[in-house]
Each structure stands twice: as structure tokens, then as C-alpha cells.
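Listed below are the residues making up each chain.
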Amino acid sequence: MLPLLLAIFATTTGCNSSDDKMQVIQEIDNSESDLELLQSAKAKWQSQSGQFYTIQSQRFCECATEMSSQMEISVSDNLILSAYDIASDQAISAEVQQEIQTVDDLFALIEKAIADEVSIEVTYNEEFGYPESAKIDLEQLAVDGGLFVTLSDLEVKDSLLALEKVTWVVESFTTIAGPRPIIDGSNISLSVDMQNMQVSGLGGCNSYSADLVLDEKNSNISISNIVSTEMACIEPEDVMQQEQSYFATLSQVQFYSFDQATLTMVVGGDSGLHFVAKQHSVTDPIVVNPSDETSALQAAKKKWDSLSGQFYTIQSHRFCECEDEYQSQMEVNVLGNKVVSAFDTVSGDEISEEIQQEIKTVDGLFALIEKAIADGISINVSYNQEYGYPETAQIDLEQLAVDGGLHINLSDLQIKNTQTAFDYVVWELTSFDSIAGPQPIIENSSVTLSIDVQNLQVSGFGGCNEYSGDLEIDNKNNMTISNIVSTELACTEPENIMQQEMSYFSTLEQIQFFNFYDADLNMTVGADSGLNFVIAD
């Protein structure tokens, strides 16, 4: 520091600059004071060094919301194991996690700033020594440069608890011949739930879960009752044999050691498993006990099955980086697992037919959840307590981070009188019922029916002519149609189309009953005759 001091004195010689001299001396004294404060704080902190801790961190900057959010970070051996936004409880992305400063990282930045004579303003925690507030490069902070970070609410924890903050990835099998790496392109993972004493993960092909017993004092471990999905994978080569070997070894482990973000499980002196920590992030799958997922799904479906086949409306909202219509809040009308209509709840506009084909019904969403569980795909689902339908369904969590996967919310279910479904549907005739069985309509012909329950009218297209008629209907599925009038065109194609139209009008006026079967409408004259309709595309 002396050459700098002399140079500054030389530049001020002959001037009335005593204040300037004092300012320079004060800055140098501050630099020395900063270093002393840093060393004192680090001495306090080093008594905690290497332990597992959680701490709240916030960066102040003109930057992405996620970067400046209030976070809780979990750190072991200066490695960030996980980071979560405190307000939303969402995992911080891997990209942002790489920018987070641990306590030791922040000490290193402060030390470098002092050495480089960069202006700083730091306060340290009295008890543990960590920087509670660190401003580095004050001049640049004014233009959103530099660094301003606050740390608070330190909790130094039992290092064993760090096990459940991590997805552990198998790096190698330990054998008498030495470490044997896992197959290239395969992935074996383990997550630990200390609260429920469970482990779960991916065996390379199938998701699995098992019971866990830990004795921290003697480093004993026991894993039992392994259950898994039952997929058969052919790639990479020999992955099924590796999975079987992993499950067998896992069920035999007796001891563990946990150090420097590595986990070793030992069967005996010459065999075991070696894991390394993989940071949780929104791009990492969070593997949940597959048996719990299946149980929750089955319980929810049991509630829903009592309503299956009925007409209902439900609000649906898909979250995606996609066109506005696709992600609009919709009211969806469903009959027998078929979307019969959908409307934008804000504008009241009908959703286009193309997008209606992509809308998930409750049963459709159940099927996707069931397949995801069977395929070992990560999911996050909550079910309605009363009716069982999925209120929130996130499927393929790792892909959701890059706008893949599926995220849908369902709400405001209304089970309606099935007859009100008539108002939303155009029906298309598929066959005539006869004593000889269903008789399909003539190829390349089209016969349709629309029912207006409010005005007690029917209308449609008979194959050649448009028509309308009067309707009577009751809650016991009795129905009569009368006074049919139509246009008076004469069509020659397809062949026999006029005879079919006359037969249709005649049968329609003899209808006595109706019923729904899934999304089909059956109108009956008697035991052996009637009309069969499906929802028109």
C-alpha cells in the first residue's frame, strides 16, 4: 500500500490538500479494516465449515425474477444441493443455481475484492460469521453492475439430512476387481425420504421404491421390500440385467458412508454401490414413490367412476408456450368421454375444432397419468377430494422446464342432466336398427339430427333434404317426434338415397324412447327397430 500512498502524496504536493490526504489514508485504513473483519468472520465460519446447512439468500439486481427471488438454499461441503423459491416453493433452475453464492463463495469474492481494491460494504453475522449483507463494487451497483447479496436464517443441520436434499446417481458398482461403471447411456438414481423412511428412484428402466432403516451411530443401513414398475427395456444393451443387479445389491447393503457429496453403500468388503450427488432443479425429474402414485390414482378413479358416462362441464386450463386459444381458460362440455363443445370463458367464443381435438377429458387425463406412472415418467398430480378428478396434473416434469410435458388444471366440475347435452351436439346417424341387426346407412350419405330441448324442436339433414319437427321429451327417456316438414329436393346420388331418407323420416316419427350409451344416442321404436347416432365430427 505504501507506493500507492506516496504516489498520491506526490500528486498533491504544493496544494491545500490535507483533507484529500486524510481521505486516502482513511481508504487504506478501511482496506486493512475490511481484511481484518473478513479474517475474523471466516474464523467463526470455519468452525461450521464442511457441515450441511440451509440459508436464505437474495440477490438484488435488475435481472430475471427467478435470479432475484428470495431462496432457501441447501449446501453441503460448499456444493449447492438444492435451491427453492420461498414464495412459490418451486425449484430454482439449474442455470440460476450455478450463479448462487454459497457462504464460502461469498467469502472468496469479498477477499478478491479487497485484494483488487474494489469498493465493498459488508456486514457479518455476529454468531456464525457469514456475510449477512455483501455489496461488492459499489460504483457499479449504481448502474446495476457489481454484486449485492443478503444471507439470513442460517440453520446448521445434521449432515444425514442432506441425503434427502439430493437425487443420488449411481456412478459405479463396487466389486472385488474394483469399481465397475454403469452402462453408458443408462441412469440409476436414488432419492431418500427421511420423514417416511423410504427410498425411491429409477433403476435404469423401471421406477422403484423401498423401505429404509438407518442407524446413524453405527452407519448401518437396510433397504427392503423393493417394488417397481414392470417395463421391459431393450436399450441400452443389458440395461435390464444391470437393473436386476442394482436391485439385488440395494437389498443387501449393510453400511453407508456420506462425505463430500458422495454416498457409498457397502454390502461387504468387496461389493457395494457408489453414488454422486445430482442437484435438483426444474430440469431434473423428481421421482416419487410409484406405489403411492398408483394408490392415489386408483383411489381417485374409484371416486370418478361413479360419475363415468354422465354429461358434465368442467373448466380446463393448459399452461404452455403456445397460441392463445390453446392456453385459454375454457369451459368444456363432455359426454361419455367425448368433448362435445368448448368455449373460451373470457370471450365466450367457441374453441376451434382443431384445438377441441387436443383437449383432455377427465378420463383422458387419468389415462395419461396411468401411462406416465407405468413408464416411470415424473409427475405431480393433485386430485379433487369429492369427485376424484385431477385438479392439477403435471406430467414429465423435466420436459415442462423446456415447454414440453403437460400441465393442466381442471376446476368447477358440474354434473348435469344428461338431456341438456342435446343442446351442445349435432348427432350423425350410423345405422338403422332392425330385427336382423344394425343396418348401416348408405355409403357416402349423411343424416344428421339436432335437438333443441328448450324450444322442443328437432332439425337436421335427411340425406337429401333439410327437415324440422316437433319434440316431446320427459325425464324417463320417453320421446316423440312429430310434424316433420322438409325441403322438397330430389336426389339421385348416392343410389337409393331418397328411399333411405323416407325410411329415416318414417322411423323418426315412430320413436318412443331414447338412451345414451357412452357418447352414442340410441332412439327406439320397439324391441327390434330404431336409430343409432354418434356425435358428429
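In this text, all values refer to a predicted model and were calculated from it rather than measured experimentally.

A. The overall build of the chain, seen in detail. Summing up its helical and strand segments, the chain has 11 helices and 30 strands in all. Expressed as a percentage of its 537 residues, the buried residues of the chain come to 41%. As displayed, the chain has an accessible area near 27600 Å², and 48% of this comes from carbon and sulfur atoms.

B. Local environment of the environment of Ser382. Considering the arrangement of structural elements, one finds Ser382 in strand 19 (residues 379-383). Exposure remark for Ser382: the relative accessible area of 31% places this residue in the partly exposed category. Along the primary structure Ser382 and Ala393 are separated by 11 residues, whereas in three dimensions their C-alpha atoms are 6.7 Å apart.

C. The sheet that holds strand 17 (residues 330-335), seen in detail. Here six strands make up an open sheet; going across it, the order is 18-17-16-21-20-19 and the pairing antiparallel. Single-partner strands in this sheet number two, and they are strand 18 (338-344) and strand 19. Direction aside, the axes of adjacent strands within the sheet are offset by 20° on average. Contacts from helix 9 (residues 362-374) reach strand 16 (311-318), strand 19, strand 20 (390-395) and strand 21 (406-416), with the element oriented near 40° to strand 20.

D. How the structure looks around a negative patch on the surface. Together, Glu323, Asp324, Glu354 and Glu358 line one region of the surface with negative charge. Of note, Glu354 is situated in helix 8 (residues 353-356).

E. Quick peek at the nonpolar core. Among the nonpolar cores identified, the biggest contains 31 residues, and Leu449, Tyr504 and Met523 are the most heavily contacted of them. Put simply, the parts of the chain that give this core at least two residues each are strand 22 (426-433), strand 24 (448-452), strand 26 (466-473), strand 27 (479-486), helix 11 (497-508), strand 29 (520-526) and strand 30 (529-535). In this structure Met523 touches Leu449, Ile451, Met479, Ile481, Leu508, Ile511, Phe513, Phe514, Ser529, Gly530, Leu531 and Phe533, once residues within four positions along its chain are discounted.

Procedures and definitions
Residues numbered from 1 in each chain as written. Predicted model: local features only at pLDDT ≥ 70, side-chain atom pairs only at ≥ 80, totals over all residues. Heavy atoms only, no water. Helix = DSSP H or I, 4+ residues; strand = E, 2+ residues; numbered from the N terminus. Buried < 20%, exposed > 50% of the residue type's maximum accessible area, 1.4 Å probe, protein only. Areas by Shrake-Rupley, 256 points an atom, 1.4 Å probe, with all protein chains shown as cover. Pairing = 2+ DSSP bridges. Axes fitted to C-alpha atoms, helices over the stretch in contact; angles between N-to-C directions. Contact = heavy atoms within 4.5 Å. Patch = residues over 30% accessible without salt bridge, like charges linked within 9 Å, V, L, I, M, F, W, Y side chains within 5 Å. Salt bridge = Lys/Arg side-chain N within 4 Å of Asp/Glu carboxyl O. Lys, Arg positive; Asp, Glu negative; His and termini not counted. Charge placed at Lys NZ, Arg CZ, Asp CG, Glu CD. Core = buried A, V, L, I, M, F, W, Y, C linked by side-chain atoms within 4.5 Å.

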